[in-house]
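A structural walkthrough
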Amino acid sequence: MVSDDTSVSAAGQVRSVQSLAVSGTHLEPNLQQVQEAGYGYFAFLDRLARPFLRVRQGPAGTMVVRLCGITLLSFRVPAIREEAGVAAICFPIAAGLLVQQNKRCRGELRLELHADRLVMAVEGYYPALVGSGSSRFRRWLYQRTQAAVHRRVAARYLKLWLSRAVAEREAP
C-alpha cells in the first residue's frame, strides 16, 4: 500500500511524499534504474491522459507537461544522485500555469529508489491554485483537486515501477 504525507504550509508551499514499501525482495538502487524511472514517469503521464495531456522532453532532459497546448508545468534539467542505499532523480520545477508566477523556479519532483521502498515527492512547490496569501479555502481546494490527482497518479506509477523492478530482478 502506498503511504501519503501531503501538506500545504500557510505560505502556500507544498510537500507531498508518496512511498511504497517493497516486501519480499531487496532492490539494489542504481543511477540507471532511477533515471529510467524518472523519465518513465513522464512517459506514463503522457500515455495516461492522451490526447489532452501531452508530455515532451526538451534539450538536455528538460520536460514540459501541456494540456491542450497550454504549459501546465515545465521542469529544468534533472539532477541524478546516488548515495549509500539510495538513488534519486530530481526534476526542478521551472514554471507553468500551475505554478505561482512569483514563485517560479522553486520546488522539485523527485523519485527515489531505496533498497526497501520507492518514493515520489513534490517539495518546495507553490501551486497557483493555492495562491499567495494561501487562504484556508484555497488550501482545501488544492488538497481535493490537484493534490488528489497527483496522489492517485503517483500511487499508480509507484506500483507499476515496483512491478517492473521486481520482474527485472527475477528475470534470468
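Refer to the structure presented above.
Attention here is on the structure that accompanies the text. Counting starts from 1 at the beginning of each chain's written sequence and moves along it residue by residue. Side-chain atom pairs in this predicted model are given and counted only at pLDDT of 80 or more, local residue features only at pLDDT of at least 70, and totals for whole chains, interfaces and linings cover all residues. Working from all heavy atoms in the structure, the side-chain values ignore hydrogens and water.

**Thoughts on the overall build of the chain**
Elements are defined by DSSP. Helices are runs of H or I of four residues or more, strands are runs of E of two residues or more, and each kind is numbered from the N terminus. Secondary structure assignment for the chain yields 3 helices and 9 strands. Computed over C-alpha atoms, the radius of gyration of the chain comes to 16 Å, within 12% of the 16 Å expected from 2.2 N^0.38 for 172 residues, which places it in the range of a compact globule. Viewed in the frame of its principal axes, the chain has a C-alpha envelope of about 55 × 30 × 30 Å. Note on exposure labels: buried denotes an accessible area under 20% of the residue type's maximum, exposed denotes more than 50%, and partly exposed covers the range between, all computed with a 1.4 Å probe on protein chains only. For the chain, the residues scored as buried account for 49% of the 172 residues in total. All accessible areas in this document rest on Shrake-Rupley with a 1.4 Å probe, and a residue is counted as covered only by the protein chains that are shown. Carbon together with sulfur atoms contributes 55% to the accessible area of the chain, which is approximately 9,000 Å² in total. With the radius of gyration taken over C-alpha atoms, the globule rule is written as 2.2 Å times the number of residues to the power 0.38.

**Some thoughts on helix α2 (residues 136-144)**
What α2 keeps buried is the set Arg-139, Tyr-142 and Gln-143. An end-on view of α2 places all buried positions within 100° of arc, on one side of the element. The outward face of α2, more than 90 degrees from its buried face, is lined by the exposed residues Phe-137 and Arg-144. Arc definition: it is the arc formed by the directions from the helix axis to the C-beta atoms.

**As for the layout of surface pockets**
It is the rolling of a water-molecule-sized probe over the atoms that shows where space remains empty. Cavity means a closed set of points on a 1 Å grid over the protein atoms alone, one where a 1.4 Å probe fits but cannot get out, pocket means an open set with protein on both sides within 12 Å along at least 5 of 7 lines, and lining means a residue has an atom within 4 Å of a point. Grid points are joined across faces, edges and corners, and a volume is the space filled by probe spheres set on the points. By volume, the largest pocket amounts to about 510 Å³. When residues of the lining of the largest pocket are traced back to their parent elements, those giving at least two are β2 (14-21), α1 (31-48), β4 (63-67), β5 (70-75), β9 (117-125) and α3 (146-170). The classification used treats Ala, Val, Leu, Ile, Met, Phe, Trp, Tyr, Cys and Pro as nonpolar, Asp, Glu, Lys and Arg as charged, and all other residues, Gly among them, as polar. In the lining of the largest pocket, the residues fall into 20 nonpolar, 3 polar and no charged. In this structure, the second largest pocket occupies an estimated 160 Å³ of space.

**Details of the pairing of strand β3 (residues 53-57)**
A pair of strands is treated as paired once DSSP finds two or more bridges between them. Relative to β4, β3 runs antiparallel, the two being bridged by 5 bridges. Bridge pairing links Arg-56 to Val-64 in β4. Between β3 and β4, which follow one another and run antiparallel, lie 5 residues, and Ala-60 among them has a positive phi close to 60°.

**Thoughts on the packing of aromatic side chains**
Classification of ring pairs uses Phe, Tyr and Trp, with its six-membered ring standing for Trp, and accepts pairs whose centres are within 6.5 Å; under 30 degrees between planes counts as stacked, over 60 as edge-to-face, and the remaining range as tilted. Within the structure shown, the criterion is met by 9 aromatic pairs. Judged by centre distance (5.9 Å) and plane angle (25°), the ring pair of Phe-137 and Trp-140 falls under stacked. Here Trp-140 and Phe-137 lie together in helix α2, a separation of 3 residues that amounts to about one turn. Residue class for Phe-137 comes out exposed when judged on its relative accessible area of 52%.

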